[in-house]
Amino acid sequence: LSEQLAISGGTPVLPEMPPAFEPMSADEVAAAAATLRDVPLTTLFGGHEIERFENEYAEFCGARFGVAVNSGTSALNAALLAAGVGPGDEVITTPLSFVASASTIVQAGARPVFADVEPDTYCLDPAAAAELVTPATKAILPVHINGYPADVPALNELAARHGLAVVEDAAQAHGARVGGRHVGTLGDYGCFSFNIGKILRTGEGGMVLTDDPAAADRLRAIRVNGMAPGPAGSVVVALGANYTMPQAMASIGRRQLARHPEALVERAHNAKLLLDAVDQVDGLTPLPDTAGRERVAYFPQLVLSDELAPLRDRLVAALRAENVPAAICRPPLYHVPYLREICPDAWCPVAERQTARTLSVDVMPCYTPAQMDGIAAGLRKVFANVSRLAD
Ligand SMILES: Cc1ncc(COP(=O)(O)O)c(C=O)c1O
(Lines give C-alpha, C1' and ligand atoms only; values in the text may rest on other atoms or scores of the structure.)
Protein backbone atom coordinates (compact mmCIF):
# COMPACT_ATOMS: atom_id res chain seq x y z
CA LEU A 1 0.00 0.00 0.00
CA SER A 2 2.02 2.94 -1.18
CA GLU A 3 -0.74 5.06 -2.68
CA GLN A 4 -0.42 8.79 -2.16
CA LEU A 5 -1.96 9.94 1.10
CA ALA A 6 -4.98 12.25 0.79
CA ILE A 7 -3.20 14.75 3.05
CA SER A 8 -0.54 15.03 0.31
CA GLY A 9 -3.03 15.39 -2.53
CA GLY A 10 -4.01 11.72 -3.08
CA THR A 11 -7.58 10.42 -3.31
CA PRO A 12 -9.24 9.85 0.09
CA VAL A 13 -10.19 6.25 0.87
CA LEU A 14 -13.75 7.33 1.79
CA PRO A 15 -15.44 9.87 -0.51
CA GLU A 16 -16.79 11.79 2.49
CA MET A 17 -16.57 11.86 6.29
CA PRO A 18 -19.16 9.49 7.85
CA PRO A 19 -21.87 11.37 9.78
CA ALA A 20 -20.91 12.69 13.22
CA PHE A 21 -24.48 12.29 14.53
CA GLU A 22 -27.12 9.60 14.29
CA PRO A 23 -30.09 10.82 12.22
CA MET A 24 -33.61 10.86 13.74
CA SER A 25 -35.62 7.72 12.92
CA ALA A 26 -39.18 7.93 11.58
CA ASP A 27 -40.64 6.60 14.85
CA GLU A 28 -38.71 9.17 16.89
CA VAL A 29 -40.06 11.97 14.68
CA ALA A 30 -43.59 10.57 15.00
CA ALA A 31 -43.33 10.17 18.79
CA ALA A 32 -42.00 13.73 19.23
CA ALA A 33 -44.72 15.13 16.94
CA ALA A 34 -47.47 13.34 18.87
CA THR A 35 -46.12 14.75 22.13
CA LEU A 36 -45.88 18.28 20.71
CA ARG A 37 -49.53 17.94 19.71
CA ASP A 38 -50.93 16.25 22.83
CA VAL A 39 -48.87 17.34 25.84
CA PRO A 40 -47.75 20.75 27.23
CA LEU A 41 -44.33 21.68 25.77
CA THR A 42 -42.83 21.69 29.26
CA THR A 43 -44.20 20.99 32.72
CA LEU A 44 -42.91 22.19 36.10
CA PHE A 45 -43.10 18.89 37.90
CA GLY A 46 -42.47 16.34 35.16
CA GLY A 47 -45.37 13.98 34.50
CA HIS A 48 -46.44 12.81 31.03
CA GLU A 49 -43.55 11.67 28.83
CA ILE A 50 -40.87 12.91 31.26
CA GLU A 51 -42.12 10.63 34.00
CA ARG A 52 -42.39 7.63 31.67
CA PHE A 53 -38.86 8.22 30.37
CA GLU A 54 -37.52 8.61 33.92
CA ASN A 55 -39.17 5.39 35.07
CA GLU A 56 -38.11 3.41 32.00
CA TYR A 57 -34.52 4.63 32.05
CA ALA A 58 -34.15 4.08 35.82
CA GLU A 59 -35.60 0.58 35.45
CA PHE A 60 -33.33 -0.23 32.50
CA CYS A 61 -30.26 0.79 34.52
CA GLY A 62 -31.47 -0.74 37.78
CA ALA A 63 -31.92 2.46 39.83
CA ARG A 64 -34.92 3.38 42.00
CA PHE A 65 -35.35 6.95 40.72
CA GLY A 66 -34.54 8.95 37.60
CA VAL A 67 -34.80 12.74 37.41
CA ALA A 68 -34.67 14.03 33.82
CA VAL A 69 -33.00 17.37 33.12
CA ASN A 70 -32.09 19.42 30.04
CA SER A 71 -28.40 18.44 29.71
CA GLY A 72 -25.62 16.34 31.17
CA THR A 73 -24.12 19.54 32.56
CA SER A 74 -27.42 20.25 34.35
CA ALA A 75 -27.39 16.67 35.67
CA LEU A 76 -23.95 17.27 37.24
CA ASN A 77 -24.97 20.70 38.56
CA ALA A 78 -28.10 19.25 40.16
CA ALA A 79 -26.33 16.19 41.61
CA LEU A 80 -23.54 18.27 43.18
CA LEU A 81 -26.10 20.64 44.69
CA ALA A 82 -28.21 17.72 45.96
CA ALA A 83 -25.06 16.18 47.48
CA GLY A 84 -24.51 19.39 49.42
CA VAL A 85 -21.30 20.42 47.64
CA GLY A 86 -20.68 24.13 48.12
CA PRO A 87 -18.13 26.89 48.79
CA GLY A 88 -15.00 25.72 50.63
CA ASP A 89 -15.45 22.09 49.57
CA GLU A 90 -13.09 20.03 47.44
CA VAL A 91 -14.23 17.42 44.94
CA ILE A 92 -11.74 14.82 43.72
CA THR A 93 -12.12 14.14 40.02
CA THR A 94 -10.29 12.97 36.92
CA PRO A 95 -8.38 15.24 34.53
CA LEU A 96 -9.52 13.12 31.54
CA SER A 97 -13.04 14.20 30.71
CA PHE A 98 -15.16 16.77 28.97
CA VAL A 99 -14.79 20.13 30.74
CA ALA A 100 -18.28 19.95 32.29
CA SER A 101 -17.08 17.35 34.83
CA ALA A 102 -14.86 20.01 36.38
CA SER A 103 -16.72 23.23 35.48
CA THR A 104 -19.80 22.06 37.40
CA ILE A 105 -17.64 21.62 40.52
CA VAL A 106 -16.48 25.23 40.09
CA GLN A 107 -20.08 26.38 39.51
CA ALA A 108 -21.06 24.73 42.82
CA GLY A 109 -18.48 27.03 44.46
CA ALA A 110 -16.14 24.13 45.22
CA ARG A 111 -12.60 23.34 44.03
CA PRO A 112 -11.83 20.44 41.69
CA VAL A 113 -8.85 18.34 42.80
CA PHE A 114 -7.41 16.33 39.94
CA ALA A 115 -6.17 12.81 40.73
CA ASP A 116 -4.36 10.69 38.15
CA VAL A 117 -5.94 8.00 35.98
CA GLU A 118 -5.45 4.25 35.51
CA PRO A 119 -3.24 3.65 32.45
CA ASP A 120 -5.50 0.88 31.09
CA THR A 121 -8.87 2.67 31.36
CA TYR A 122 -8.10 6.41 31.51
CA CYS A 123 -10.55 6.57 34.45
CA LEU A 124 -9.89 7.99 37.94
CA ASP A 125 -7.37 5.83 39.83
CA PRO A 126 -8.75 5.05 43.33
CA ALA A 127 -5.21 4.88 44.79
CA ALA A 128 -4.39 8.35 43.42
CA ALA A 129 -7.73 9.68 44.69
CA ALA A 130 -7.04 8.29 48.18
CA GLU A 131 -3.84 10.36 48.42
CA LEU A 132 -5.71 13.61 47.82
CA VAL A 133 -8.44 13.32 50.47
CA THR A 134 -8.30 16.26 52.92
CA PRO A 135 -10.69 17.52 55.63
CA ALA A 136 -12.21 19.74 52.90
CA THR A 137 -13.07 16.85 50.58
CA LYS A 138 -16.83 16.55 50.17
CA ALA A 139 -17.27 14.26 47.15
CA ILE A 140 -15.59 12.13 44.51
CA LEU A 141 -16.61 12.57 40.88
CA PRO A 142 -15.40 9.67 38.70
CA VAL A 143 -16.09 9.74 34.95
CA HIS A 144 -16.77 6.63 32.87
CA ILE A 145 -14.78 8.02 29.99
CA ASN A 146 -14.92 6.79 26.38
CA GLY A 147 -17.35 4.01 27.34
CA TYR A 148 -14.93 2.60 29.90
CA PRO A 149 -16.30 2.09 33.45
CA ALA A 150 -14.40 3.59 36.36
CA ASP A 151 -13.67 1.49 39.45
CA VAL A 152 -16.60 2.86 41.45
CA PRO A 153 -16.63 -0.01 43.99
CA ALA A 154 -13.11 0.96 45.10
CA LEU A 155 -14.07 4.64 45.14
CA ASN A 156 -17.19 3.82 47.19
CA GLU A 157 -14.96 2.20 49.81
CA LEU A 158 -12.76 5.29 49.93
CA ALA A 159 -15.87 7.49 50.16
CA ALA A 160 -17.34 5.40 52.98
CA ARG A 161 -14.10 5.69 54.98
CA HIS A 162 -14.24 9.50 54.81
CA GLY A 163 -18.00 10.18 54.63
CA LEU A 164 -17.91 11.47 51.03
CA ALA A 165 -20.58 11.46 48.31
CA VAL A 166 -19.86 9.68 45.00
CA VAL A 167 -21.25 11.44 41.92
CA GLU A 168 -20.72 9.37 38.77
CA ASP A 169 -20.42 11.10 35.40
CA ALA A 170 -21.76 8.44 33.03
CA ALA A 171 -22.28 10.83 30.09
CA GLN A 172 -20.06 8.71 27.83
CA ALA A 173 -20.94 5.19 28.95
CA HIS A 174 -24.69 4.38 28.80
CA GLY A 175 -24.95 0.60 29.14
CA ALA A 176 -21.46 -0.04 30.58
CA ARG A 177 -21.33 -2.12 33.77
CA VAL A 178 -19.14 -2.90 36.74
CA GLY A 179 -19.65 -6.32 38.32
CA GLY A 180 -22.85 -6.65 36.29
CA ARG A 181 -24.32 -3.34 37.55
CA HIS A 182 -24.95 -0.40 35.26
CA VAL A 183 -22.73 2.64 35.56
CA GLY A 184 -24.73 5.48 37.08
CA THR A 185 -26.21 3.16 39.73
CA LEU A 186 -23.01 2.41 41.65
CA GLY A 187 -22.43 5.68 43.52
CA ASP A 188 -24.87 8.04 45.24
CA TYR A 189 -25.80 9.91 42.05
CA GLY A 190 -25.40 8.83 38.41
CA CYS A 191 -25.36 11.61 35.80
CA PHE A 192 -26.08 11.02 32.11
CA SER A 193 -26.03 13.26 29.05
CA PHE A 194 -28.34 12.68 26.09
CA ASN A 195 -26.78 15.33 23.85
CA ILE A 196 -26.69 14.75 20.12
CA GLY A 197 -23.35 12.92 20.11
CA LYS A 198 -24.08 10.54 22.97
CA ILE A 199 -24.81 6.78 22.96
CA LEU A 200 -28.45 7.54 23.81
CA ARG A 201 -29.47 10.94 22.51
CA THR A 202 -32.46 13.26 22.74
CA GLY A 203 -30.66 16.25 21.13
CA GLU A 204 -30.10 17.98 24.45
CA GLY A 205 -30.98 16.28 27.70
CA GLY A 206 -29.73 14.48 30.76
CA MET A 207 -30.77 12.40 33.77
CA VAL A 208 -29.68 11.85 37.35
CA LEU A 209 -30.22 8.38 38.83
CA THR A 210 -30.35 7.74 42.56
CA ASP A 211 -31.69 5.09 44.96
CA ASP A 212 -32.32 7.62 47.76
CA PRO A 213 -35.90 8.97 47.83
CA ALA A 214 -34.90 12.14 49.71
CA ALA A 215 -32.15 12.82 47.14
CA ALA A 216 -34.68 12.28 44.32
CA ASP A 217 -36.99 14.87 45.94
CA ARG A 218 -34.10 17.34 46.24
CA LEU A 219 -33.18 16.78 42.57
CA ARG A 220 -36.79 17.32 41.43
CA ALA A 221 -36.92 20.63 43.32
CA ILE A 222 -33.47 21.78 42.15
CA ARG A 223 -34.63 21.18 38.56
CA VAL A 224 -37.38 23.85 38.89
CA ASN A 225 -35.74 26.66 40.82
CA GLY A 226 -36.11 24.81 44.10
CA MET A 227 -39.89 24.57 43.89
CA ALA A 228 -42.08 21.74 45.14
CA PRO A 229 -45.82 21.25 44.71
CA GLY A 230 -47.82 22.38 47.75
CA PRO A 231 -51.54 22.26 48.57
CA ALA A 232 -51.98 25.95 47.68
CA GLY A 233 -49.61 25.99 44.69
CA SER A 234 -45.85 25.58 44.34
CA VAL A 235 -43.50 26.73 47.08
CA VAL A 236 -39.74 27.33 47.04
CA VAL A 237 -38.04 24.81 49.30
CA ALA A 238 -34.40 24.98 48.19
CA LEU A 239 -31.87 26.70 45.94
CA GLY A 240 -32.32 25.51 42.37
CA ALA A 241 -32.12 26.43 38.70
CA ASN A 242 -34.15 25.78 35.57
CA TYR A 243 -33.04 22.38 34.29
CA THR A 244 -36.43 21.28 32.92
CA MET A 245 -36.43 18.81 30.04
CA PRO A 246 -39.00 19.58 27.32
CA GLN A 247 -41.62 16.81 26.97
CA ALA A 248 -40.88 16.04 23.30
CA MET A 249 -37.23 15.31 24.16
CA ALA A 250 -38.44 12.65 26.60
CA SER A 251 -40.45 11.01 23.80
CA ILE A 252 -37.32 10.83 21.65
CA GLY A 253 -35.47 9.37 24.64
CA ARG A 254 -38.11 6.64 25.10
CA ARG A 255 -37.77 5.60 21.45
CA GLN A 256 -33.96 5.65 21.79
CA LEU A 257 -34.19 3.51 24.92
CA ALA A 258 -36.31 0.93 23.11
CA ARG A 259 -33.50 0.63 20.55
CA HIS A 260 -30.63 1.05 23.03
CA PRO A 261 -29.64 -2.64 23.49
CA GLU A 262 -29.59 -3.15 19.72
CA ALA A 263 -27.58 0.07 19.17
CA LEU A 264 -25.01 -1.13 21.74
CA VAL A 265 -24.64 -4.40 19.80
CA GLU A 266 -24.17 -2.45 16.55
CA ARG A 267 -21.53 -0.26 18.22
CA ALA A 268 -19.74 -3.36 19.54
CA HIS A 269 -19.83 -4.90 16.06
CA ASN A 270 -18.31 -1.77 14.48
CA ALA A 271 -15.72 -1.59 17.26
CA LYS A 272 -14.72 -5.20 16.51
CA LEU A 273 -14.26 -4.31 12.82
CA LEU A 274 -12.13 -1.32 13.86
CA LEU A 275 -10.00 -3.37 16.27
CA ASP A 276 -9.47 -6.09 13.63
CA ALA A 277 -8.03 -3.35 11.40
CA VAL A 278 -5.93 -1.96 14.27
CA ASP A 279 -4.53 -5.47 14.74
CA GLN A 280 -3.14 -5.33 11.22
CA VAL A 281 -1.14 -2.13 11.67
CA ASP A 282 2.10 -1.74 13.57
CA GLY A 283 2.47 0.68 16.45
CA LEU A 284 -1.20 1.05 17.43
CA THR A 285 -2.87 -0.83 20.33
CA PRO A 286 -6.37 -0.59 21.83
CA LEU A 287 -6.84 -0.20 25.58
CA PRO A 288 -7.05 -3.69 27.15
CA ASP A 289 -10.12 -5.19 28.82
CA THR A 290 -10.30 -5.01 32.60
CA ALA A 291 -11.82 -7.91 34.56
CA GLY A 292 -15.28 -7.17 35.97
CA ARG A 293 -15.69 -3.99 33.94
CA GLU A 294 -17.85 -4.24 30.85
CA ARG A 295 -17.21 -1.33 28.51
CA VAL A 296 -19.34 -0.02 25.67
CA ALA A 297 -17.96 1.17 22.34
CA TYR A 298 -17.73 4.97 22.41
CA PHE A 299 -14.71 6.50 20.67
CA PRO A 300 -12.40 3.50 21.30
CA GLN A 301 -9.01 4.82 22.39
CA LEU A 302 -5.97 3.63 20.43
CA VAL A 303 -2.48 4.02 21.86
CA LEU A 304 0.62 4.70 19.74
CA SER A 305 4.00 3.06 20.26
CA ASP A 306 6.90 5.14 21.65
CA GLU A 307 8.21 5.47 18.12
CA LEU A 308 4.98 6.79 16.61
CA ALA A 309 3.74 8.84 19.60
CA PRO A 310 5.47 12.08 18.43
CA LEU A 311 3.57 11.81 15.12
CA ARG A 312 0.14 11.57 16.77
CA ASP A 313 -1.29 14.89 15.52
CA ARG A 314 0.01 14.33 11.99
CA LEU A 315 -1.43 10.79 11.96
CA VAL A 316 -4.85 12.08 13.02
CA ALA A 317 -4.72 14.81 10.35
CA ALA A 318 -3.75 12.20 7.73
CA LEU A 319 -6.58 9.87 8.85
CA ARG A 320 -9.11 12.71 8.73
CA ALA A 321 -7.92 13.64 5.22
CA GLU A 322 -8.85 10.04 4.22
CA ASN A 323 -12.28 10.75 5.81
CA VAL A 324 -11.59 8.40 8.71
CA PRO A 325 -13.41 9.90 11.78
CA ALA A 326 -10.30 10.03 13.98
CA ALA A 327 -9.67 12.48 16.81
CA ILE A 328 -6.90 13.22 19.28
CA CYS A 329 -7.35 12.40 22.95
CA ARG A 330 -7.91 15.71 24.75
CA PRO A 331 -5.17 16.88 27.16
CA PRO A 332 -5.81 16.86 30.94
CA LEU A 333 -8.44 19.40 32.03
CA TYR A 334 -6.08 21.36 34.30
CA HIS A 335 -4.54 22.81 31.12
CA VAL A 336 -7.81 24.72 30.51
CA PRO A 337 -6.75 28.27 31.49
CA TYR A 338 -9.38 28.99 34.17
CA LEU A 339 -8.91 25.54 35.74
CA ARG A 340 -5.13 26.09 35.72
CA GLU A 341 -5.71 29.27 37.73
CA ILE A 342 -7.82 27.39 40.27
CA CYS A 343 -5.47 24.38 40.39
CA PRO A 344 -1.97 25.76 39.70
CA ASP A 345 -0.22 22.65 41.05
CA ALA A 346 -2.31 19.94 39.39
CA TRP A 347 -0.15 17.45 37.50
CA CYS A 348 -1.01 13.85 36.63
CA PRO A 349 1.89 12.00 34.97
CA VAL A 350 -0.12 9.04 33.68
CA ALA A 351 -2.75 11.30 32.15
CA GLU A 352 -0.04 13.48 30.58
CA ARG A 353 1.81 10.55 29.06
CA GLN A 354 -1.24 8.64 27.80
CA THR A 355 -3.22 11.54 26.30
CA ALA A 356 -0.24 12.65 24.21
CA ARG A 357 0.06 9.23 22.56
CA THR A 358 -3.63 8.39 22.11
CA LEU A 359 -6.13 8.84 19.32
CA SER A 360 -9.69 7.58 18.82
CA VAL A 361 -11.84 6.50 15.90
CA ASP A 362 -15.61 6.83 16.06
CA VAL A 363 -17.78 3.69 15.59
CA MET A 364 -21.34 5.04 15.36
CA PRO A 365 -24.03 2.36 15.04
CA CYS A 366 -25.28 4.07 11.85
CA TYR A 367 -21.99 3.48 10.01
CA THR A 368 -22.54 1.21 7.00
CA PRO A 369 -20.38 -1.86 6.25
CA ALA A 370 -18.88 0.17 3.36
CA GLN A 371 -17.98 3.01 5.73
CA MET A 372 -16.42 0.56 8.22
CA ASP A 373 -14.43 -1.03 5.33
CA GLY A 374 -13.25 2.45 4.36
CA ILE A 375 -12.22 3.23 7.94
CA ALA A 376 -10.20 -0.02 8.06
CA ALA A 377 -8.61 0.68 4.66
CA GLY A 378 -7.82 4.27 5.69
CA LEU A 379 -6.04 3.07 8.83
CA ARG A 380 -3.98 0.55 6.85
CA LYS A 381 -3.12 3.14 4.20
CA VAL A 382 -1.98 5.84 6.64
CA PHE A 383 0.04 3.46 8.84
CA ALA A 384 1.66 1.82 5.77
CA ASN A 385 2.85 5.27 4.73
CA VAL A 386 3.81 6.55 8.14
CA SER A 387 7.40 7.25 7.06
CA ARG A 388 6.07 9.95 4.72
CA LEU A 389 4.57 11.79 7.69
CA ALA A 390 7.82 11.73 9.62
CA ASP A 391 9.72 14.36 7.60
C1 LIG B 1 -18.04 13.19 30.28
C2 LIG B 1 -19.06 14.25 30.03
N3 LIG B 1 -19.60 14.89 31.06
C4 LIG B 1 -20.54 15.83 30.90
C5 LIG B 1 -20.98 16.18 29.64
C6 LIG B 1 -21.97 17.29 29.51
O7 LIG B 1 -23.14 16.88 28.88
P8 LIG B 1 -24.04 17.93 28.06
O9 LIG B 1 -23.33 18.26 26.80
O10 LIG B 1 -25.32 17.19 27.82
O11 LIG B 1 -24.26 19.12 28.92
C12 LIG B 1 -20.46 15.53 28.52
C13 LIG B 1 -20.90 15.80 27.15
O14 LIG B 1 -20.84 16.76 26.52
C15 LIG B 1 -19.46 14.55 28.71
O16 LIG B 1 -18.90 13.92 27.69
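About the criteria used
- Residue indices begin from 1 for each chain and proceed along its sequence in written order.
- Two thresholds apply to this predicted model, a pLDDT of at least 70 for residue-level local features and 80 or more for giving and counting side-chain atom pairs, whereas whole-chain, interface and lining totals are computed over all residues.
- Just so you know, side-chain values use all the structure's heavy atoms and leave hydrogens and water out.
- It suffices for a single heavy atom of a residue to lie within 4 Å of a molecule or strand for the residue to be listed as near it.
- What qualifies as a polar contact is a pair of N or O atoms within 3.5 Å, subject to a donor-acceptor requirement within protein and to the restriction that residues adjacent in sequence count only when both atoms come from side chains.
- Each accessible area value is a Shrake-Rupley result obtained with a 1.4 Å probe; residue values ignore everything except the protein chains displayed when judging cover.
- Numbering goes from the N terminus for both helices and strands, where a helix is a DSSP run of H or I of at least four residues and a strand is a run of E of at least two.
- Amino acid classes used here: Ala, Val, Leu, Ile, Met, Phe, Trp, Tyr, Cys and Pro are nonpolar; Asp, Glu, Lys and Arg are charged; the rest, including Gly, are polar.
- What makes two strands pair is DSSP finding at least two bridges between them.
- Lines fitted to the C-alpha atoms define the axes, with helices restricted to the stretch that makes contact. Angles between their N-to-C directions range from 0 to 180 degrees.
- The criterion is simple. A nonpolar core is a set of buried Ala, Val, Leu, Ile, Met, Phe, Trp, Tyr and Cys residues joined through side-chain atoms within 4.5 Å.
- Buried means the residue's accessible area, taken with a 1.4 Å probe over protein chains only, is under 20% of the maximum for its type, while exposed means over 50%, and partly exposed covers the values in between.
- For Phe, Tyr and Trp, rings pair up if their centres lie within 6.5 Å, where Trp contributes its six-membered ring, and each pair is then called stacked (planes under 30 degrees apart), edge-to-face (over 60) or tilted (otherwise).
- For salt bridges, the criterion is a side-chain nitrogen of Lys or Arg within 4 Å of an Asp or Glu carboxyl oxygen.
- Place the viewer so that the strands point away; then a crossover is right-handed whenever the path from the first strand over the helix to the second strand goes clockwise.
- Contact between two residues is taken to exist if any of their heavy atoms lie within 4.5 Å; hydrogens are not considered.

With that out of the way, let us pick up the site of the ligand. Residues in close proximity to the ligand total 16 residues, the closest being Gly 72, Thr 73, Asp 169, Ser 193 and Lys 198. Between an oxygen atom of the ligand and a side-chain N or O atom of Asn 195, the distance comes to 2.9 Å. Between the ligand and the protein, one listed contact pairs an oxygen atom with a side-chain N or O atom of Lys 198 at 3.2 Å. Protein contacts shield 93% of the accessible area of the ligand, which totals 390 Å² for the unbound molecule. Within the residue set of the shell around the ligand, elements represented by two or more residues are helix 3 (72–82) and helix 4 (100–107). Counting residues per element, the shell around the ligand draws most heavily on helix 3, which supplies three residues. Within the shell around the ligand, the residues separate by chemical class into five nonpolar, nine polar and two charged.

What follows is about the sheet that holds strand 5 (residues 165–169). Strand order in the open sheet formed by seven strands is 1-9-8-5-4-2-3, with mixed pairing between adjacent strands. At either margin of the open sheet sits one strand with a lone partner, and together these are strand 1 (65–69) and strand 3 (111–114). With direction set aside, neighbouring strand axes in the sheet form an average angle of 25°. The pairing of strand 5 with strand 8 (residues 189–193) spans three bridges and is parallel.

As a rule of thumb, soluble globular proteins bury nonpolar side chains together. In terms of nonpolar packing, the biggest core is built from 85 residues, with Tyr 57, Phe 114 and Tyr 189 touching the most fellow members. Here this core gets six residues from one element, more than from any other, and that element is helix 3. Ranked by size, the runner-up nonpolar core spans 32 residues in total, among them Ala 277, Leu 319, Val 324 and Phe 383.

Bringing the environment of Glu 51 into the picture now. The topology assignment puts Glu 51 in helix 2 (residues 48–61). Residue Glu 51 is classed as partly exposed on the basis of its relative accessible area, which comes to 42%. As a C-alpha pair, Glu 51 and Cys 191 span 140 residues in sequence and 17 Å in three-dimensional space.

Turning next to the sheet that holds strand 6 (residues 177–178). Read across the sheet, three strands follow the order 7-6-13 without closing on themselves; strand pairing throughout is antiparallel. Looking at the sheet topology across the chains shown, the edges are occupied by strand 7 (181–182) and strand 13 (293–294). With two bridges joining them, strand 6 and strand 13 adopt antiparallel strand pairing. Residue pairing for strand 13: Val 178 is matched across the bridge by Arg 293.

Among the secondary structure elements, His 335 is positioned in the loop between strand 15 (326–328) and helix 10 (337–342). A polar contact of 2.8 Å, which involves the side chain of His 335, links it to the side chain of Glu 352.

You will see that Asn 146, though not glycine, has its phi angle at about 55°, which is positive. With respect to the helices, strands and loops of the structure, Asn 146 is situated in the loop between strand 4 (137–141) and helix 6 (152–162). Of the residues examined, Asn 146 reaches a relative accessible area of 17% and is grouped as buried.

Right, let's talk about the packing of aromatic side chains for a bit. Per the counting criterion, the structure on display carries seven aromatic pairs. A ring pair is formed by Phe 53 and Phe 194, whose centres lie 5.3 Å apart and whose planes are at 50°; its orientation type is tilted. With Phe 53 in helix 2 and Phe 194 in the loop between strand 8 and strand 9 (206–210), this pair connects stretches of sequence that are 141 residues apart. Exposure class is identical for Phe 53 and Phe 194. Each is buried.

Attention now goes to the pattern of salt bridges. One pass over the full model with this rule turns up 19 salt bridges. One salt bridge in this structure joins Arg 223 and Glu 54, with 2.8 Å as the shortest N-O distance. With a gap of 169 residues between them, Arg 223 in helix 7 (residues 213–223) and Glu 54 in helix 2 connect regions that are remote in the sequence. By relative accessible area, Glu 54 is classed as buried at 5%. Residues Glu 266 and Arg 259 are paired through a salt bridge, measuring 3.3 Å at the closest nitrogen-oxygen approach. Salt bridges here are not isolated pairs; linked through shared partners, they connect Glu 22, Arg 259, Glu 262 and Glu 266.

The subject of this paragraph is the pairing of strand 5. Judged by how many residues are buried, strand 5 sits mostly within the fold: five of five residues are covered. A two-sided burial pattern is seen for strand 5, the buried positions comprising Ala 165, Val 167 and Asp 169 on one face and Val 166 and Glu 168 on the other. Note that strand 4 and strand 5 share two bridges and pair parallel. Across the sheet, residue Ala 139 finds its bridge partner in strand 5, namely Ala 165. Following the chain from strand 4 across helix 6 to the adjacent parallel strand 5, one finds a crossover that is right-handed.

Here Glu 28 lies in helix 1 (residues 26–38). The exposure class of Glu 28 is buried, given its relative accessible area of 2%. A polar contact is formed between the side chain of Glu 28 and the side chain of Gln 256, at a distance of 3.4 Å. If sequence neighbours within four positions are ignored, Glu 28 has contacts with Pro 23, Arg 201, Ile 252, Arg 255 and Gln 256.

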